[in-house]
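Descriptive analysis of the structure
Read off the chains here:
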Amino acid sequence: MAGDTLDIDGRTIAVTNLSKVLYPPVGADTAGTRKFEVIDYYNRIADVMLPHIRGRIITRKRRPGGVGASGATGNAGASGATGNAGASGATGNTRSAAFFEKHLPESAPAWLPRYTVEHSGRHITYPLADDRAALVWLAQMAALELHVPQWRVPVDGGPVTASRLVLDLDPGPGVPLHECAQVALQIRQMLDAAGLRSFPVTSGGKGIHVYARFDRPVSPDSARKVAKQIATALASAYPETITASMAKSVRERRVFIDWSQNSAAKTTLAPYSLRGRERPWAAAPRTWDELAEPDLRQLLYTEILERVAASGDLLSGLDDPSPPASSSYQEPGLVADLSEYRSKRDEARTPEPFGDDEHRRSTRAGPVFVIQEHHARRPHYDFRLEHDGVLVSWAIPKNLPTDHDQNRLAVRTEDHPLDYADFAGDIPAGEYGGGHVEIWDTGTYELEKWRDEEIIVRLRGRRTQGRYVLIKTGERNWLAHLMHDEPRPLTADLRHPRPMLAVDEPIDGLDARDWAFEGKWDGYRVLVRSGGGEYRLSSRSGLDLTADFPELRGIVDELGLLDVILDGEVVAIDSSGRTDFTILASRGTTAEPYRLRLLLFDILYLNGTSLLEVPWSQRRALLDELTPLFRSSPYTEVPALLEGSGADAIAHSREHNYEGVVAKLRSSVYQQGRRSTQWRKHKNWNDIEVVIGGWRPGRGNRSGTLGSLLLGLPEETGLRYVGRVGTGFTDAQLRALAEELQPLRIRMCPFIDNIDRPVASTATWVLPTLVGEVRFMDWTSTGHLRHPSWRGIRRDKLPGDL
């Protein structure tokens, strides 16, 4: 190491903060593990590590500030909206601000190899580590953990194929590592019987990875099926000690065999990679004899270096030392027959593709599906699935079903070339299929079954997600049906979720490195539950608001099969672009133009996994993964974060007439129903929620209706009077309030204070059950609101919530 650069095999790499402690001191290790030691490890381990990651896209778990008390768990997905943590663009440099990173930053050196994958309509460029210099650069970026898929980047347009299988053994509570190893030994026996050589790796975390080499590459879907079969067979044979279920509730005293990481969309911690845990453990290849030892434990990176020096690479034989020069592997039956397609078309007259390369395969992480809206003589939709080198196609008059009770006719048509998946345009009149064609939806799919008379696929598109079955009912006629998925039970702490709340504390001095800033919106705070056949909007106090906003039910279709609980705000946006609570509260009677929106800013639960203990930075990264689902939504969106410091966020909020700013500590976990200093709010105006305790009659042009409302705040001893409000009402609001308050009249004053005689003598008292919101300037010396203005009823709150 010389100065601030390293020369690695002819590559010059700038290095910084070499003495920074990335792993804290533990026990006799009084200095901790510094950044230069991490760089040195990846430099020295490169010879044995590179064969197992070369040619594979890399998702990184970065810890620029070192290992802290919190951080992501699980695996980083190689694709978009999955249950795995993944982020691009997330930043942070505090000790607790760990984050997953997919997209390669612009600062990456030009010589670093990279590969771009399309995820849900957007493109993510991943780095590849094909040489020692790439590994050292990743270490300089504090990418402690390197996660890779089981497939290598296809070359020359070849198919995505898996060269190996992995089973991730995760011991549940109460299961020691040596018992987990017993399950690994049972897996070895099954792989041996199948003729697959296996290799064990202690993961550097809690469990063990078992790899097996495929002598002949297979599709990721095929690898996933083999892994699932092994996992479910063992779980069936040993239900007391093994589970193949993703549900955490069944893992007590059991080893969970995670078979899903063989999917093209999933990744696993790479062999020899460090772990971002309290000590610098790493994924260590082991011998099978070691796994039989009762004192089996995870290994530090220093121990791995010693083992490699003595024994070399224990994974030798798992992977080829370098990627194949070309993707020459071809599955049986992949030769495309487009004779019927071509016989119906004149290449000189139609702009449709003719499949010049019959062996072209998609470079996406999974086979492609497309739905094209076809305005022919009879308008219809064309549904196409990539299979055996062609797009197997059906014409569906009413598109795929969106309800489990529907069956839609699908008429089998000729196979189309793969490049038809990108076709949109006009087929000339008089030609076969003449009319306009546009892409209605596209994405990838997971194949569960493909038989001559039955096909089952799970679609993952921008507009279409779900598990569909196609059943043949005649020579060309099929039925398309949306299948049910088993709902995942919620854990006890999420059966009745409550939103986390912010405190009123200054934010102008907060730094963007530690804090993130969101707009504070002027609406109803809601939690959204969608999944497992359930859809519900609930208020801060747990009130069911689902029926109040029927327009928002479309989020169920946007989320598809995702099982989620989301945190957000329902707002009404006026003609100037501002959120306006007064319009929202009176939307049934107001004549003012507005747009109803659901603004989402947090996620509590995803696909069977509680995210309550996951840091905000990772929850936000997951939410950003879902954002493409809402791009065409008329109601739902994920607002962008406010850039800069707290002071910058406040200035932006005032410039754009926001209600205020909410600041969230990037490392904060989600504390249901609690106010925490880890979330802070700044208001640009003073708003308060009050309880209506009575009214006074109006005079003049308000005679015969309400003149003012008498307001209070609940205390332990009763309702304290804080004044009255008589401005801010529309005529329609006054009429509606009068009708709502009439049945609540009572004879006794509900306030504990002595109300001024002129007010009390003309007041009509009501049962204090309605909550309203007012905006005011400040407080008077007598504890009353100064210059209050009515904003509306809070249908989402009860007096006990104030």
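On a predicted model such as this, the values are computed, not experimentally measured, just so you know.

Some remarks on the overall build of the chain
A tally of regular secondary structure across the chain gives 13 helices and 45 strands. Counting over 802 residues, the chain shows a buried share of 56%. Only carbon and sulfur atoms are counted for the fraction: they give 48% of the accessible area of the chain, which is about 34,200 Å².

Here we look at the packing of helix H1 (residues 35-53) against helix H6 (residues 301-311)
Where H1 meets H6, the axes come as close as 11 Å, and the angle between the chain directions of the two elements is 30°. With respect to H6, the element H1 is oriented roughly parallel. Crossing hand, H1 versus H6: left-handed. On the side of H1, the interface is formed by Glu37, Tyr41, Arg44, Ile45 and Val48, while H6 contributes Tyr301, Ile304, Leu305 and Val308. For the contact of H1 with H6, the residue count by class is seven nonpolar, no polar and two charged.

Concerning the packing of helix H3 (residues 177-193) against helix H4 (residues 220-237)
Where H3 contacts H4, the two axes come as close as 11 Å, and the packing angle between them is 125°. The pairing of H3 with H4 is recorded here as oblique in orientation. Handedness of the H3/H4 crossing: right-handed. Residue-level inspection shows Gln186, Ile187, Met190 and Leu191 of H3 in contact with H4, the latter providing Ile230, Ala233 and Leu234. Grouping the amino acids of the contact of H3 with H4 by side-chain chemistry returns six nonpolar, one polar and no charged.

Re the packing of aromatic side chains
Tallying each qualifying case throughout the model produces 17 aromatic pairs. Arranged with centres 5.1 Å apart and planes meeting at 50°, the rings of Tyr420 and Phe423 form a pair that is tilted. Like Phe423, Tyr420 is buried. Ring centres of Tyr670 and Trp679 lie 5.6 Å apart, and the angle between their planes is 85°; on these two criteria the pair is classed as edge-to-face. Residue Tyr670 shares its accessibility class with Trp679, and that shared class is buried. Among the aromatic residues, ring-to-ring pairing joins Tyr341, Phe354, Tyr420 and Phe423 into one connected group.

Quick look at the nonpolar core
Among the nonpolar cores identified, the biggest contains 44 residues, and Tyr41, Tyr42, Ile45, Met49, Ile53, Leu135 and Ile304 are the most heavily contacted of them. Sorting elements by how many residues they give to this core places H1 first, with ten residues. Ignoring any residue separated from it by four or fewer positions in sequence, one finds Tyr42 in contact with Met49, Leu135, Ala139, Ala143, Leu144, Leu146, Tyr272, Ser273 and Leu274.

Looking at the layout of surface pockets
The calculated volume of the second largest pocket comes to roughly 820 Å³. Around the second largest pocket, the lining is made up of 35 residues, and of these Lys520, Arg540, Lys681, Lys683 and Glu689 lie nearest the centre. Considered class by class, the residues forming the lining of the second largest pocket number 14 nonpolar, three polar and 18 charged.

Some words on the pairing of strand S5 (residues 59-62)
By the alternation rule, side chains of S5 split into Thr59 and Lys61 and Arg60 and Arg62, which are all buried. In terms of strand pairing, S5 meets strand S6 (residues 99-101) through three bridges, oriented antiparallel. Note on S6: the bridge partner recorded for Lys61 is Phe100.

Examining helix H10 (residues 616-626)
A large share of H10 lies buried, amounting to ten of its eleven residues. Three or more residues of H10 are buried, namely Trp616, Ser617, Gln618, Arg619, Arg620, Ala621, Leu622, Leu623, Glu625 and Leu626.

Re the pattern of salt bridges
Under the defined criterion, the tally for this structure stands at 53 salt bridges. Two residues, Asp221 and Lys225, come together in a salt bridge whose shortest N-O distance is 3.4 Å. Of this pair, Asp221 and Lys225 both sit in helix H4, four residues apart, roughly one helical turn. With a relative accessible area of 16%, Asp221 lands in the buried category. Taking relative accessible area as the criterion, Lys225 reaches 34% and is therefore assigned partly exposed. Several salt bridges share partner residues, and in doing so they unite Asp522, Asp687, Glu689, Glu773, Arg775, Arg791, Arg794, Asp796 and Lys797 into one network.

Digging into helix H2 (residues 132-140)
Counting buried residues along H2, eight of its nine residues qualify, which places the element largely inside the surrounding structure. Among the residues of H2, Ala133, Ala134, Leu135, Val136, Trp137, Leu138, Ala139 and Gln140 are the ones counted as buried. Of the surrounding secondary structure, the elements contacted by the buried residues of H2 are strand S1 (5-8), strand S2 (11-14), H1, S5 and strand S9 (143-148). Immediately downstream of H2, the backbone of Ala142 shows phi near 60°, a positive value.

Some points on unusual backbone geometry
In this model, Ala142 sits at a positive phi of 60°, which is unusual for a non-glycine residue. Locating Ala142 in the fold gives a position in the loop between H2 and S9. The exposure class assigned to Ala142 is buried, which follows from its relative accessible area of 4%. Located in the positive-phi region is Asn399, a residue other than glycine, with phi close to 70°. Here Asn399 is to be found in the loop between strand S21 (390-396) and strand S22 (407-412).

Things to note about the sheet that holds S5
What holds strands together in a sheet is hydrogen bonding between their backbones, with the strands either parallel or antiparallel. Here we have four strands laid out as an open sheet, ordered S6-S5-S9-S15, and antiparallel in their pairing. Lying at the two open borders of the sheet, with one neighbouring strand each, are S6 and strand S15 (268-269).

Examining the confidence of the model for the chain
With 90% of its residues at a pLDDT of at least 70, the chain reaches an overall mean of 85. Per-element confidence in the chain is highest for strand S11 (residues 198-202), whose mean pLDDT is 97, and lowest for strand S43 (residues 778-779), whose mean pLDDT is 74. In the model, residues 324-335 has pLDDT below 50 throughout and makes 27 contacts with residues more than four positions away in sequence or in other chains. Overall, residues 357-363 carries pLDDT values under 50, and its contacts beyond four positions in sequence, including any with other chains, amount to 21 contacts.

Regarding the environment of Tyr670
Within the secondary structure, Tyr670 sits in the loop between strand S36 (660-665) and strand S37 (675-683). A relative accessible area of 3% means that Tyr670 is categorised as buried. Residues Tyr670 and Arg619 lie 51 residues apart in sequence; the distance between their C-alpha atoms is 9.4 Å. Residue contacts for Tyr670: discarding those within four places in its chain leaves Arg498, Pro499, Met500, Arg525, Leu527, Asp567, Asp602, Leu604, Leu612, Arg619 and Trp679. Reaching out from Tyr670, the side chain makes a polar contact with the backbone nitrogen of Met500 at a distance of 3.0 Å.

What to know about the sheet that holds strand S10 (residues 162-171)
If you trace the six strands from one edge of the open sheet to the other, you get S13-S14-S10-S12-S11-S17, paired in mixed fashion. Every interior strand has two partners, whereas the edge strands, strand S13 (242-243) and strand S17 (284-285), have only one. Two elements, S11 and S17, share two bridges in a ladder whose sense is antiparallel. Looking across to S17, one finds that Thr202 is bridged to Ala284. Of the strands in this sheet, S10, S11, strand S12 (208-218), S13 and strand S14 (255-258) are in contact with H3, which crosses S12 at around 20°. Running at roughly 35° to S10, H4 makes contact with S10, S12, S13 and S14 of the sheet.

Thresholds, definitions, all that
- Residues numbered from 1 in each chain as written.
- Predicted model: local features only at pLDDT ≥ 70, side-chain atom pairs only at ≥ 80, totals over all residues.
- Heavy atoms only, no water.
- Helix = DSSP H or I, 4+ residues; strand = E, 2+ residues; numbered from the N terminus.
- Buried < 20%, exposed > 50% of the residue type's maximum accessible area, 1.4 Å probe, protein only.
- Areas by Shrake-Rupley, 256 points an atom, 1.4 Å probe, with all protein chains shown as cover.
- Axes fitted to C-alpha atoms, helices over the stretch in contact; angles between N-to-C directions.
- Parallel < 35°, antiparallel > 145°, perpendicular 65-115°, else oblique.
- Left-handed = near helix turned anticlockwise from the far one by under 90°.
- Contact = heavy atoms within 4.5 Å.
- Nonpolar A, V, L, I, M, F, W, Y, C, P; charged D, E, K, R; others polar.
- Phe/Tyr/Trp six-rings, centres within 6.5 Å; stacked < 30°, edge-to-face > 60°.
- Core = buried A, V, L, I, M, F, W, Y, C linked by side-chain atoms within 4.5 Å.
- 1 Å grid on protein atoms, 1.4 Å probe; cavity = no way out; pocket = protein on both sides within 12 Å on 5 of 7 lines; lining within 4 Å.
- Points joined across faces, edges and corners; volume = space filled by probe spheres on them.
- Pairing = 2+ DSSP bridges.
- Salt bridge = Lys/Arg side-chain N within 4 Å of Asp/Glu carboxyl O.
- pLDDT = per-residue confidence, 0-100.
- Polar contact = N/O pair within 3.5 Å; in protein donor to acceptor, adjacent residues only side chain to side chain.

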